[in-house]
Amino acid sequence: FHYLGGLELSSYLSWYRYGNLGVQLFFIVSGFVIVQSLQGKKLREFATGRFIRLFPLFWILCTATYLLTIIVPHVVHLHLSDYFINMTMLPDVINGFFGHGGLIDASYWTLTVEFLFYAGIGIFCSLFSYKNIRYFLIMWLVFSMAAFVYHIDQNFYVKLFLVRHASYFIFGSSLALIATKQARNIYEKCIDWLLLFASAIYSVHIHSAAIPPYLNPNPLDPHIVKVLLIVFFISIPVLVYLSRYVKNPNVIRGLAIMGGLTYPLYLLHQRIGNVAINYFTNIYNISWNNFAIGFEVFIIAIAYILYLQDKKIRAWLRNRS
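How each quantity is defined
- Residue numbers run consecutively from 1 along every chain, following the written order of its sequence.
- Side-chain atom pairs in this predicted model are given and counted only at pLDDT of 80 or more, local residue features only at pLDDT of at least 70, and totals for whole chains, interfaces and linings cover all residues.
- Derived side-chain values reflect all non-hydrogen atoms in the structure, with water molecules and hydrogen atoms excluded from consideration.
- Whether a residue is buried, partly exposed or exposed follows from its accessible area with a 1.4 Å probe, protein chains only, as a fraction of its type maximum: under 20%, in between, or over 50%, in that order.
- Helix and strand assignments come from DSSP, with helices taken as H or I runs of at least 4 residues and strands as E runs of at least 2, each series counted from the N terminus.
- Polar contact is the term for a pair of N or O atoms within 3.5 Å; when the atoms are in protein, one must be able to donate a hydrogen and the other to accept it, and sequence-neighboring residues count only if both atoms are side-chain atoms.
- Here, two residues are considered to be in contact whenever any of their heavy atoms come within 4.5 Å of each other.
- A residue's pLDDT is simply how confident the predictor is in it, with values from 0 to 100.
- We call a set of buried residues a nonpolar core when its members are Ala, Val, Leu, Ile, Met, Phe, Trp, Tyr or Cys and they connect through side-chain atoms within 4.5 Å of each other.
- One side-chain nitrogen of Lys or Arg within 4 Å of one carboxyl oxygen of Asp or Glu is enough to make a salt bridge.

### A short note on helix α4 (residues 91-98)
Right, so step 1: Buried within α4 we find P91, V93 and N95.
Right, so step 2: Once α4 finishes, G99 follows within two positions and takes phi at roughly 75 degrees, a positive value.

Dropping the structure here:
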């Protein structure tokens, strides 16, 4: 979507346009992972783990992206202050308060969402205990619903509670509680399943208001997106259930590498990728169609190298934390 979304193509139904739903999938996976990461940990341990997992590689690639915008000609140059604001992983929040600044990479907005999610759920569990995490999910879902009912979902301070994205995190979180059998009684088990179904139904119902429209909307988009979201909410629990039958160590290792590639690929693919694409297509007059597959293989190879180096950095930091 990020590589092809800006092209002026004749077909409004080109398959790539729905690739932006990967963001919602990302939030579901995040909710699934973070609920399990929180279990049995104090706030300091959780925060340290998240910092080591996210910040070192982000700082490296955020710096590389900023330097690239300075070095490569015909690229929008950002101020040094924007660079430092982006390095906090909270540029949208800071810019919202002070009314200026920009994202070094447009896709980095999701990191702000992730950061706020980690902070909110981590602080709640620290203050009220992990065993009460269901109350956090319930209150968050109710607040999100109220924001849309009363049409305050676009208010800056309300948006800090991630009302547009809450239901995806909640779906993943409740699925984690069910999959790892954390319910201590029938009451908690019912809450987990209720949250799972309620968040899925709610997400499908409000998707037209919560998910930004495409640059070139098609009348069928609301229906197609609705179907794709339903596919998400059905297939993800099925895949989680089937995962228990995956026993082959090589398959598990391969899946782990694929999962590990997603973060470095996310950090470098859009701004760095598009700068490289524009450079080759404009300077060398090469058609994007002629080297698209080769370039995508190349960017994934770079992501793999970064994944291996990031593993070493994280291991080094964990040994010293």
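Now that the structure has been shown, we can carry on.
### Focus on the side chain of S144
Right, so step 1: Considering the arrangement of structural elements, one finds S144 in helix α6 (residues 133-149).
Right, so step 2: A residue is classified by how much of its surface remains accessible, and S144, at 0% relative accessible area, is buried.
Right, so step 3: One polar contact links the side chain of S144 to the main-chain carbonyl oxygen of V163, over a distance of 2.7 Å.
Right, so step 4: What S144 contacts, discounting residues up to four positions off in sequence, is V163, A166 and Y202.

### Some details on the environment of V149
Right, so step 1: On the secondary structure map, V149 appears in helix α6.
Right, so step 2: A residue is classified by how much of its surface remains accessible, and V149, at 56% relative accessible area, is exposed.
Right, so step 3: Considered as a pair, V149 and F124 are 25 residues apart in the sequence and their alpha carbons are 25 Å apart.

### Section: the confidence of the model for the protein
Right, so step 1: Scored by pLDDT, the protein has a mean of 90; 95% of the residues are at 70 or more.
Right, so step 2: Within the protein, no element has a lower average pLDDT than helix α12 (residues 271-283), which sits at 82, and none a higher one than helix α8 (residues 166-179), at 98.

### A look at the nonpolar core
Right, so step 1: If you look at the biggest cluster of nonpolar residues, it comprises 79 residues, and the most contacted ones within it are I121, Y263 and L267.
Right, so step 2: No other element matches the 9 residues that α8 contributes to this core.
Right, so step 3: If sequence neighbours within four positions are ignored, L267 has contacts with L57, F58, L61, D105, Y108 and L111.

### Thoughts on the pattern of salt bridges
Right, so step 1: On inspection of all chains with the given rule, the structure shows 5 salt bridges.
Right, so step 2: Where E188 meets R134, a salt bridge forms, and the shortest distance between an N and an O atom there is 3.5 Å. Taken together, the positions of E188 in helix α9 (residues 186-210) and R134 in helix α6 put the pair 54 residues apart, joining distant regions of the chain.
Right, so step 3: Under the relative-accessibility criterion, E188 is labelled buried at 6%.
Right, so step 4: Accessibility expressed as a relative area gives 5% for R134, which makes it buried.

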